[in-house]
Structure formats: C-alpha cells, structure tokens
Amino acid sequence: MTTVAPSGTGAPGRARLDVRTLRTDRWWLQPLLTVLALVAFIVYSTVRAFENANYYAEPYISPFYAPCITTQCEGSTFPELFSGPAFISPALYILIVPLGFRLTCYYYRKAYYRSFWMSPPACAVAEPHGSYTGETRFPLIFQNLHRYFFYAGLVFNVFLTYEALMSFRNEDGEWFHMGLGTVILLTNATLLWLYSLSCHSCRHVVGGRLKHFSKHPVRYKAWTAVSRLNTSHMKYAWISLVFVAFTDFYVRLLATGAFDDPRFF
Amino acid sequence: MSYEANLRVWRGDAAGGGLQDFTVTVNEGEVVLDILHRLQATQTPDLAVRWNCKAGKCGSCSAEINGRPRLLCLTRMGTFTEDEVITVTPLRAFPVMRDLVTDVSFNYEKAAQIPAFSPRPREADGSHRMQQIDVERPQEFRKCIECFLCQDVCHVVRDHEDNKKSFAGPRFLMRIAELDMHPLDQLDRKDVAQEEHGLGMCNITKCCSEVCPEGIKITDNALIPMKERVVDRKYVPSTWLGRTIGRRKG
Ligand code: SF4
Ligand code: SF4
Ligand code: FES
Ligand code: FES
C-alpha cells in the first residue's frame, strides 16, 4: 500500500512522495460498502435464480422470474413461448436483460470500476494497475452498447407493470382485489421505471443528441424532464436494486407459506 | 481566536524533495493560502507557491491538501480541527518546478490540439443568432477557471504517465463536448474525441466532477453525453447507415 507506481505519481519529474495517498479521511469506506452491497445482491439473486421454485404465489410473481416465458413456469402470468428442460430455471432465460442493463449502466460502471477493480479506489488514491486502457478495447468497449439494454429494459418494465396490474386479482383470479403484495409489485415497477427513465442513454436519445433544442420543443421538454431525473440516477439505481430483491423475498415468503399476504379488499 | 497549526509542506524540486513540518499561527476565517503566506513571511521566504486572485477565480493556486486536489484560496482552515496535521503538496500529476509550483504546460498543449470553434457563416445582417435554450448546455462549461484540478485528479494520467500522449483529460474533453453542443459550431467532433483525445479512456468514475471548484458536472453533462454522441457515430449500425444516405441531422 505504501508504494507508488513509477509510471504514475512516482513518474520522473513529479514531486517525490513515497505514499499511495495522503488522504486522511476514510476513502476506503465507500468502495467497501459498495462491494458488500453488490456481493450481497449477487449472492442472493444467484441463489434465487437457480432455486427454480417459490417464485410464484397467486397472483404474484417474483420480478426475478418475470416475464416467465416457458412451459415450466408456475402460474400463468405470461404467454408460454417454448418449453425448456425442467432443470433450467426460467429465470435464466431472461436474466441477461436486467443483468446487462445494470452491468453497462454508467452509474454501476463507476461503482464497480472503483470498488471491485480499484480503478481508482477513490479520487487521488493510486490504482494498483501498471497499465490502463479504459473502455477503448475488448471487452469494455462493449459498454457502448448500453442503450440497447436500455431499450430492452423498457420492454421489461412494461412486462413488470403488466404483472403488477395482474396482481389486482385475488387467489381465484377474480379482478378488483388488492393485497400488500400488489403495493409491493407496483412500487417495484415504479422504481424500475424511475431507474430506466433517469438513464444517461435515455437522456441522450430523448433529446441530448440534438444540437438545436429550439427546433424540437417537445424533445427539449422531454430532455429537461429526464435531466432532472438523471441527477438522482445513482439513488434510483440503489433503491430499485434493493427493492427488486425485497419484492422477490416477499413473494418467496408467500410461496413458502412463511407469511400470509394481507388482503385489503 | 488564533491558534498554532501543524503544517506539513512539500519542499523540493524535480531532483528530489520531501515533506517538512512547520508550526504557523492561524486566525479566524483564514484559508490555507493565508497560512502559506504567513509561513513565507515568517519562516521560509523562498517558499514557492503560485496564486493570484485569492478569490477562487484565477485557477492559479491549485495544490493538494491532505491528499485531495483543491484550491489553496478556497480551503478554509475551519474545515480542519486545530490539532490536525495539514499536509500541502504540489499537484501530483504534473512535473514539479519548485515547492508547490508545478509545470502545467501539458494542459496548454492539449488545449492547442482541440480543433478551434468553427462557426457557420454570419447571417446577411452580419450577426450570429442563437437561441438561449441552444447555448445553455455549453454555457455551464464556460464557468471553467482552468485550475486543472480535474486534470490532476484524473487517474487516466495521474496514475499512468504514458497515457498523457493519447488523453486530453476531462477539461479538454469537456471543451470538445462544449463545441459539439454549440449551436453555431459546424465541425463534427465525435471521431476526434474518441480517436485522438482518448474519450474512451475515461471510465466515468467522476473524480473530475468531485474536485471541480466551479461545481461543473463534467462527467454527467459533458463526458457521458459525449460518449453517447460517439456511440451514435461509431457503434450504432442504423445511424451509421442513416448518415451514409445523408439523413439525420441534429
Ligand atoms: S470521469 Fe473520466 S475524465 Fe473524469 S476523472 Fe474519471 S476517468 Fe478522468
Ligand atoms: S473543469 Fe473545473 S476542475 Fe477542471 S479546470 Fe475547469 S474549473 Fe478546474
Ligand atoms: S441505466 Fe444507468 S446510465 Fe443507463
Ligand atoms: S488564487 Fe486565484 S483561484 Fe486561488
């Protein structure tokens, strides 16, 4: 920790100082918390995605399994598109969309470059790598495909909103009923919309790419609205992440019978 | 109320140097630059420190305080406890000249390499007209005081001297974004940003935004939008096609 790279702050001509950083604050705390939170989420979601059970409790489906597109699915919330082998969890077919969306998200990129890759661990704290090419080469050049995951994510948001609306039913499939789970599914869908609509690629496609806002008043309005959401993108990234896991956990509690969904009407 | 502060200041030049300890009197309301001036006046008359306006507007007094790139004239002593040791070093991404003064010519070389503002021809009455909503975005970047704290903190060059030739740094990538968004400018700057000035090296970890004394949202409002513009140009098949057949103007 006390060495400096001869190619970095130790490069010839720069002020000699044999410490990696002179920062006296707890600069390591934020990357540490980020690692802990992300690892917790990855472990939980991996276990749940492979569990292949306890993801459906009439009328609720876990967001990890929605949209559920195979004939293996419990419940029938979505058209079954094909039948896969029973040992493959239906969550795995759809995982790529939310995973790819978050993995290429500008905010999460910052979070994991800093905390996992330590590039840099914190500002003005030397990174431990000898060379650096950023996002110019394979595989990181594929971060540039973020907007396609954004589009796919929007489609998923529509599905999850649909699932949330489907939860205005009771256990016999009759409409105009509601339980605590309905509120949770609706909140989850709303948070995912906020996360998606505050996305930097969204900001770009609605209007950011224009040179003359004055020629496109409607897109200027949209850009202004997305820009406002965008300043809270990090917040939505975390809240929606935690809430997705919580929603799944709630459905699991219902599916295993550990908890009974309070029905409002 | 005044008190005696413990100061550690880097002294030396390109040949070598190190931290030296001093005790200096601090009065209420003073900033780090005041303390360095008192140190100069009372103990080390030959201490080199660059400054000019003492108002956070000239961008001369950039240095690192307790390891963080900051303006000496905008850092209040009140932000530290009285018994804290306050370490002041020169910027660590650029060659040191003497004591707290560094050679920042890297930045002027990069500035000179950015293709200049190229406005469309004037209108018949000789004026350049633009709408306020069209210039608002680039105007944020005009607040820059060229203190180069962002250039100093950016790990792309701070931690990798060899990247200096291919990376312009946040301040000048922001300049490219400013011109690319400018309603009058005619040049297309996406390829230049990516191929010659290293926009792809930036991994959007936002240290530039964290240290900017003008509070410019460099990453969110300049670098990421510019990356998205580069995607339009270089990584999207449909826009590439659209451009080839001559449609899609902004
Ligand atoms: S966001 Fe990009 S330009 Fe700014 S400090 Fe980080 S890597 Fe450098
Ligand atoms: S962008 Fe901010 S930090 Fe960078 S040179 Fe300008 S004022 Fe300084
Ligand atoms: S989802 Fe985070 S930037 Fe697009
Ligand atoms: S002396 Fe001018 S910015 Fe500090």
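Draft legend 1. Main features of the overall build of chain B. Scanning chain B for helices and strands turns up 10 helices and seven strands. Counting all 250 residues of chain B, 56% fall into the buried class. A fraction of 62% describes how many contacts in chain B between residues 6 or more apart in sequence connect residues 24 or more apart. Accessible surface for chain B amounts to roughly 10600 Å². Of this, 50% is attributable to carbon and sulfur atoms.

Draft legend 2. Region of interest: the pairing of strand S4 (residues 68–71) of chain B. All names here are of chain B. Alternating positions in S4 separate cleanly, Pro 69 and Leu 71 being buried on one face and Arg 68 and Arg 70 remaining unburied on the opposite face. Inspection of the sheet shows strand S3 (residues 62–65) paired to S4 by four bridges, in the antiparallel sense. By the bridge assignment for S4, Glu 64 is matched with Pro 69. The hairpin formed by S3 and S4 contains two residues between the paired strands, and Asn 66 there has a positive phi angle of roughly 45 degrees.

Draft legend 3. Molecular detail of the state of the cysteines. Within the structure shown, the criterion is met by two disulfides over all chains. Shown here is the disulfide that connects A:Cys68 with A:Cys73, its sulfur atoms set 2.1 Å apart. An S-S torsion of about -95 degrees defines the bridge between A:Cys68 and A:Cys73 as left-handed. A:Cys123 shares a disulfide with B:Cys207; S-S distance 2.1 Å. Disulfide A:Cys123-B:Cys207: torsion about the S-S bond near -90 degrees, hence left-handed. Within this pair, whereas A:Cys123 is found in the loop between helix H4 (106–115) and helix H5 (146–166), its partner B:Cys207 is found in helix H8 (residues 207–211), the two belonging to separate chains. The same class applies to A:Cys123 as to B:Cys207, namely buried.

Draft legend 4. Geometry of the interface of chain A and chain B. Taken together, the contact between chain A and chain B spans 56 residues of the former and 63 residues of the latter. With both chains or domains summed, chain A and chain B bury close to 5100 Å², and 51% of this area falls on carbon and sulfur atoms. Ranking the residues of chain A by area buried against chain B places A:Arg14, A:Tyr132 and A:Lys211 at the top, with a combined share of 15%. Where chain A touches chain B, the interface holds seven salt bridges. A salt bridge links A:Arg14 to B:Glu161, with the shortest nitrogen-to-oxygen separation between them at 2.7 Å. Elements represented by at least two residues in the side of chain A that touches chain B include exactly H4, H5, helix H7 (200–208) and helix H8 (217–230) of chain A.

Draft legend 5. Looking closely at the pattern of salt bridges. If you walk through the whole model with that rule in mind, you get 36 salt bridges over all chains. For A:Asp25, the salt bridge is made with A:Arg23, and the minimal N-O distance between the two is 2.7 Å. Taking the relative accessible area as the measure of exposure, A:Asp25 reaches 29% and is therefore partly exposed. Residues joined by salt bridges that share partners form a network here, namely B:Asp180, B:Asp188, B:Lys190, B:Arg229 and B:Arg233.

Thresholds applied
- Residues numbered from 1 in each chain as written.
- Chains lettered and ligands numbered in written order.
- Predicted model: local features only at pLDDT ≥ 70, side-chain atom pairs only at ≥ 80, totals over all residues.
- Heavy atoms only, no water.
- Helix = DSSP H or I, 4+ residues; strand = E, 2+ residues; numbered from the N terminus.
- Buried < 20%, exposed > 50% of the residue type's maximum accessible area, 1.4 Å probe, protein only.
- Contact = heavy atoms within 4.5 Å.
- Areas by Shrake-Rupley, 256 points an atom, 1.4 Å probe, with all protein chains shown as cover.
- Pairing = 2+ DSSP bridges.
- Disulfide = S-S within 2.5 Å.
- Buried area = accessible area lost by both parts, 1.4 Å probe.
- Salt bridge = Lys/Arg side-chain N within 4 Å of Asp/Glu carboxyl O.

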